[in-house]
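Residue-level structural notes
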Amino acid sequence: MVTRQSSMRQSNSAGPISEVKAGTMRRRGPGARLVVLYLAAILLVIWAIAVDERPTYNQFFRELYDLRHMVLLGFSGLLVLELTALLGRRWIRKRSIYYAVAGLFVVVIGVLIDNPHPVSGGVEDAAGDALRNIIGGIACLTLSGALDPPLRREHDWLRGRPRQLLGWMSVLVLIVVLRSLIDVGLAYAGRNARFPVLIDLTESWQQRFIVLENSLLFVGQPPPGWTSRNDRETAMISFEGEQDAAVTVNEVSPDWSGFNTLRFQIYSDLKDPVILSMHIDDKRSDPPPGDRYDTQLVVQPGLNDYEIPYRDIQAGPANRELRLNRMRRIGLFAPARPERFRLFFRGVRLVERDEPGPCAVPRRGALLAGRASRILRAPDLTDTHERAPRSGSSG
C-alpha cells in the first residue's frame, strides 16, 4: 500500500532535490486574481481622477460617484493585500499579517481622502463619509479572508461556521454600505415594471426622479368630485403662489415606441382656470426653449383629460425632431399667482390611438397655441383630504 507523505519534493535543474514542508509553498509570481485586481484598480483610479463633478443625468452614476471612495478603498485594500503577499512572501509567512497591512492601509487612506477642507468645513459629513468608506473597505477584506483557503489553513478557528459567519457578516455590511445603490436599482426596476406609465407621483420608486421647486407633493385621498378615482391614492401638488413653481420628473422611461399618444389627467378645485407650462425633452441637460417640446395647458375647474399625439411632441424643437427612443424628462411649471394653489394629478402614461386627433386635448381642458379641446362635465367640488407631504429628491 502506498502511504501519503507529509511532505513533497521540489526539483530544480540547477540543484539537488530538496524537501519542502506541506503548506509552506508560495506562488512565484502574480496569479490571475492579482492581474485582475491590477487592471480593476488602474481603471478605477483613472475613472476617479477623470470624473471631477457629480453626474446629474443618471441616478446610478450619481450614487456611484458618492461611493467612489469606498469602492476605491475596497479594491485598493485587496490590491495591497496581494502585493504584500507577493513582495513579502520570503520574509513574512503569516498570511494574517498581509491582511493587517491591507487593513491599516484602508484606515489611513480612508481618513486622508475624506479629510474636510479647513475653509469649507463639513467636518461631520466628512467624518461620516470616512467611517462609511473605511467600514466598506474593511468588509471587502474580511469577505476575502472568509474565502481565502491559505488563511483558513493558517487559523483553525476560520473553518466551518465561524468562516460562514464572517462571510455573511461581511456581505451584510457591504449591503448596508451600498444601500443607496440598491435603492436606485429598485427605483429603476419600478420604473420599468410600470411602463407604459411614465410618471406615477404616488409610488415610492418615483420619488428619486422628482425635483420640486417652490412646491410640495402630497399623497392622499382624491377630492370628492373626482369620482373616477374611487378613493384610490392620488397625488396633490401645492404650488407656491408668490413665486414661479415647477415639478420636474427626470429619467422617464426613454423608449416610447409602440404607442402614439401621451395621456394624463389633472383635477382642479379652483374656481378659475389656471395655465401651466409643460416641457418635454430628450437631452441630458435641460435644453433651452426652441430645443424641446413646449406647450401651455389651460386647466379648467374639474377634471381635465389631456392627450398629446407623438407628432406634436416630435415637432417641438425648431430645427430637429425629438428622439422618441431617448426621452429624458417631463416638467410642469406654474407662473406666480397672488396665493398658493393646488392641483391633483393622475399618472402620465403612453396609449395607442387609432387616429390621434390634430389637437393635444380631447375631453376637458385645452392647450394654447391653436390646439382645440372637447369639453366634459365639470363636477361640483368640496375640500380634499391631505396627508403629510412627501419630499422629492433632487434630480
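Here the structure is a predicted model, which means the values were calculated and not measured.

1. Some details on unusual backbone geometry
With an omega of 15°, the peptide bond running from Phe-195 to Pro-196 counts as cis. Phi at Glu-251 is positive, roughly 55°, even though this residue is not glycine.

2. Re the packing of helix H2 (residues 59–66) against helix H8 (residues 179–194)
Between H2 and H8, the least distance of the axes is 9 Å, while the angle of their chain directions is 180°. As judged from the angle between their axes, H2 and H8 are roughly antiparallel. Across the interface between the two elements, Gln-59, Phe-60, Glu-63 and Leu-64 from H2 touch Ser-180, Leu-181, Val-184 and Tyr-188 from H8. Taken together, the residues of the contact of H2 with H8 break down into five nonpolar, two polar and one charged.

3. Some remarks on the environment of Phe-61
Within the secondary structure layout, Phe-61 lies in helix H2. Spatially, the C-alpha atom of Phe-61 lies 9.8 Å from that of Val-184, the residues being 123 residues apart in sequence.

4. A word on a nonpolar patch on the surface
A grouping of Leu-104, Val-108, Leu-112 and Ile-113 is seen on the molecular surface, where their side chains present a nonpolar patch of about 360 Å² in accessible area. Residue position: Val-108 is located in helix H4 (residues 95–113).

5. Examining the layout of surface pockets
Taken as a whole, the second largest pocket encloses approximately 380 Å³ of empty space. Contributing to the lining of the second largest pocket are 25 residues, with Ile-199, Asp-200, Arg-346, Gly-347 and Val-348 lying nearest its centre. When residues of the lining of the second largest pocket are traced back to their parent elements, those giving at least two are strand S3 (197–199), strand S6 (234–239), strand S7 (245–250), strand S8 (261–268), strand S12 (329–334) and strand S13 (341–351). Ranked by residues supplied to the lining of the second largest pocket, first place goes to S13 with five residues. Taken together, the residues that form the lining of the second largest pocket break down as 14 nonpolar, four polar and seven charged.

6. Details of the pattern of salt bridges
Under the definition given, this model contains 13 salt bridges. The residue Asp-281 makes a salt bridge to Arg-329 at a minimum N-O spacing of 2.7 Å. Here Asp-281 is found in strand S9 (residues 274–281), whereas its partner Arg-329 is found in strand S12, with 48 residues between them in sequence. This pair shows no difference in class: Asp-281 is buried, exactly as Arg-329 is. Between Arg-353 and Glu-307 there is a salt bridge, with its nearest N and O atoms 2.4 Å apart. Here the residue Arg-353 occupies a position in the loop between S13 and strand S14 (366–367), and Glu-307 occupies one in strand S11 (residues 302–309), the gap between them amounting to 46 residues. Residue classification places Glu-307 among the buried positions, given a relative accessible area of 9%. Taken together, the shared-partner salt bridges connect Asp-282, Lys-283, Asp-291, Arg-320 and Arg-323 into one network.

7. Topic: the pairing of strand S10 (residues 293–299)
Judged by how many residues are buried, S10 sits mostly within the fold: five of seven residues are covered. Both S9 and S10 contribute to a ladder of seven bridges, which runs antiparallel. Each bridged residue has a counterpart across the sheet, and for Ser-277 the counterpart in S10 is Gln-296.

8. Things to note about the nonpolar core
Trp-256, Leu-262, Ile-313 and Leu-343 are the most contacted members of the largest nonpolar core, which has 44 residues in total. Looking at which element gives the most residues to this core, the answer is S13, with five residues. Beyond its immediate stretch of four places on either side in the chain, Ile-313 contacts Trp-256, Leu-262, Ile-280, Tyr-293, Ile-308, Leu-322, Leu-324 and Met-327. Membership of the second largest hydrophobic core comes to twelve residues, among which are Leu-78, Tyr-98, Ala-102 and Val-106.

9. Here's the deal with the confidence of the model for the protein
Looking at the protein as a whole, the pLDDT averages 75, with 72% of positions reaching at least 70. With pLDDT under 50 throughout, residues 1–18 is counted as low confidence; its partners more than four residues away or in other chains account for 14 contacts. Scored below 50 in pLDDT, residues 20–30 shows 15 contacts in the model against residues more than four places distant or in partner chains.

10. Quick word on the packing of helix H3 (residues 68–87) against H4
Following both chains from N to C, one finds H3 and H4 inclined at 145°, their axes separated by 8 Å at the closest point. Classified by chirality, the crossing of H4 by H3 is right-handed. Contacts between H3 and H4 pair His-69, Leu-73, Ser-76, Gly-77, Val-80, Leu-81, Glu-82, Thr-84 and Ala-85 from the former with Arg-95, Tyr-98, Tyr-99, Val-101, Ala-102, Phe-105, Val-106, Ile-109, Gly-110 and Ile-113 from the latter. Looking at the contact of H3 with H4 residue by residue, the class counts come to twelve nonpolar, five polar and two charged.

About the thresholds
- Residues numbered from 1 in each chain as written.
- Predicted model: local features only at pLDDT ≥ 70, side-chain atom pairs only at ≥ 80, totals over all residues.
- Heavy atoms only, no water.
- Axes fitted to C-alpha atoms, helices over the stretch in contact; angles between N-to-C directions.
- Helix = DSSP H or I, 4+ residues; strand = E, 2+ residues; numbered from the N terminus.
- Parallel < 35°, antiparallel > 145°, perpendicular 65-115°, else oblique.
- Contact = heavy atoms within 4.5 Å.
- Nonpolar A, V, L, I, M, F, W, Y, C, P; charged D, E, K, R; others polar.
- Patch = residues over 30% accessible without salt bridge, like charges linked within 9 Å, V, L, I, M, F, W, Y side chains within 5 Å.
- Areas by Shrake-Rupley, 256 points an atom, 1.4 Å probe, with all protein chains shown as cover.
- Salt bridge = Lys/Arg side-chain N within 4 Å of Asp/Glu carboxyl O.
- 1 Å grid on protein atoms, 1.4 Å probe; cavity = no way out; pocket = protein on both sides within 12 Å on 5 of 7 lines; lining within 4 Å.
- Points joined across faces, edges and corners; volume = space filled by probe spheres on them.
- Buried < 20%, exposed > 50% of the residue type's maximum accessible area, 1.4 Å probe, protein only.
- Pairing = 2+ DSSP bridges.
- Core = buried A, V, L, I, M, F, W, Y, C linked by side-chain atoms within 4.5 Å.
- pLDDT = per-residue confidence, 0-100.
- Left-handed = near helix turned anticlockwise from the far one by under 90°.

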